[in-house]
Amino acid sequence: MPRINHIALKVPDLAQASALYEGVFGFRHVSTVKNPGRTSRHLTDGYLFLTMIQYDSEDSPEAGFAGAGPCIHHFGIVVDDPAAYEAKLLEAGCEVLSGSSAALPVKFRPSPGVVAELLADDSIPVDAKGAAR
């Protein structure tokens, strides 16, 4: 059954945002990943991931998907058959913004709606320090 895996925030400063959620709420850092155009940091409360994304520039291709400046960028849904769900999204009139079932994740937007993404269960990287759950 599909389930929400993470909520992603676009932040201007990863260190500052991470310090807040780790210090105030006790969320645990599980990984930080540098990708072309962005760095993402993944924290967990033991159930869900809070992913914070700092883009190198507001001109980065995905930076503007949810609007300019800090915001909730998207939420991630783990599915067992990404190709089947991608087809269902297209049938439902959703716009695919990036990725495909062959090159996960698939970021999509219902019309109108909030950006979300399809991903496989192992899509959130976990450092050697241990599993998130």
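To keep things clear, this report deals only with the structure shown in the data block. (Residues numbered from 1 in each chain as written. Predicted model: local features only at pLDDT ≥ 70, side-chain atom pairs only at ≥ 80, totals over all residues. Heavy atoms only, no water.)

Let's shift gears to the overall build of the chain. Secondary structure summary: the chain contains two helices and eight strands in total. The globule rule puts the C-alpha radius of gyration for 133 residues at 14 Å, and the 15 Å found for the chain is close to it. If you line up the chain on its principal axes, its C-alpha atoms span 45 × 35 × 25 Å. Just so you have it, the chain exposes about 7200 Å², and 59% of that area is on carbon and sulfur atoms. Positive and negative side-chain charges in the chain, numbering 11 and 16 respectively, have mean positions lying 4 Å apart. (Helix = DSSP H or I, 4+ residues; strand = E, 2+ residues; numbered from the N terminus. Rg over C-alpha atoms; globule rule 2.2 N^0.38 Å. Areas by Shrake-Rupley, 256 points an atom, 1.4 Å probe, with all protein chains shown as cover. Lys, Arg positive; Asp, Glu negative; His and termini not counted. Charge placed at Lys NZ, Arg CZ, Asp CG, Glu CD.)

Mapped onto the secondary structure, L50 falls in strand β4 (residues 49-55). The class for L50 is buried, based on a relative accessible area of 12%. The sequence separation of L50 and S60 amounts to 10 residues, and the corresponding C-alpha distance is 21 Å. When residues no more than four places from it in sequence are discounted, the contact partners of L50 are I7, L9, Y21, F27, R41, H42 and L43. (Buried < 20%, exposed > 50% of the residue type's maximum accessible area, 1.4 Å probe, protein only. Contact = heavy atoms within 4.5 Å.)

Further remarks concern the sheet that holds strand β5 (residues 71-78). Two orientations exist for strands paired in a sheet by backbone hydrogen bonds: parallel and antiparallel. Spatially, the eight strands line up as an open sheet ordered β2-β3-β4-β1-β5-β8-β7-β6, and their pairing is mixed. Because the sheet does not close on itself, it has two edges, and the strands there are β2 (28-35) and β6 (95-100). Between one strand axis and the next, the sheet turns by 20° as a mean value, whatever way the strands run. As paired elements, β6 and strand β7 (residues 103-109) share four bridges and run antiparallel to each other. The residue bridging S98 from the neighbouring strand is K107, located in β7. Contacts from helix α2 (residues 82-91) reach β6, β7 and β8 (116-119), with the element oriented near 150° to β8. (Pairing = 2+ DSSP bridges. Axes fitted to C-alpha atoms, helices over the stretch in contact; angles between N-to-C directions.)

By themselves, these observations are geometric and do not establish any function.
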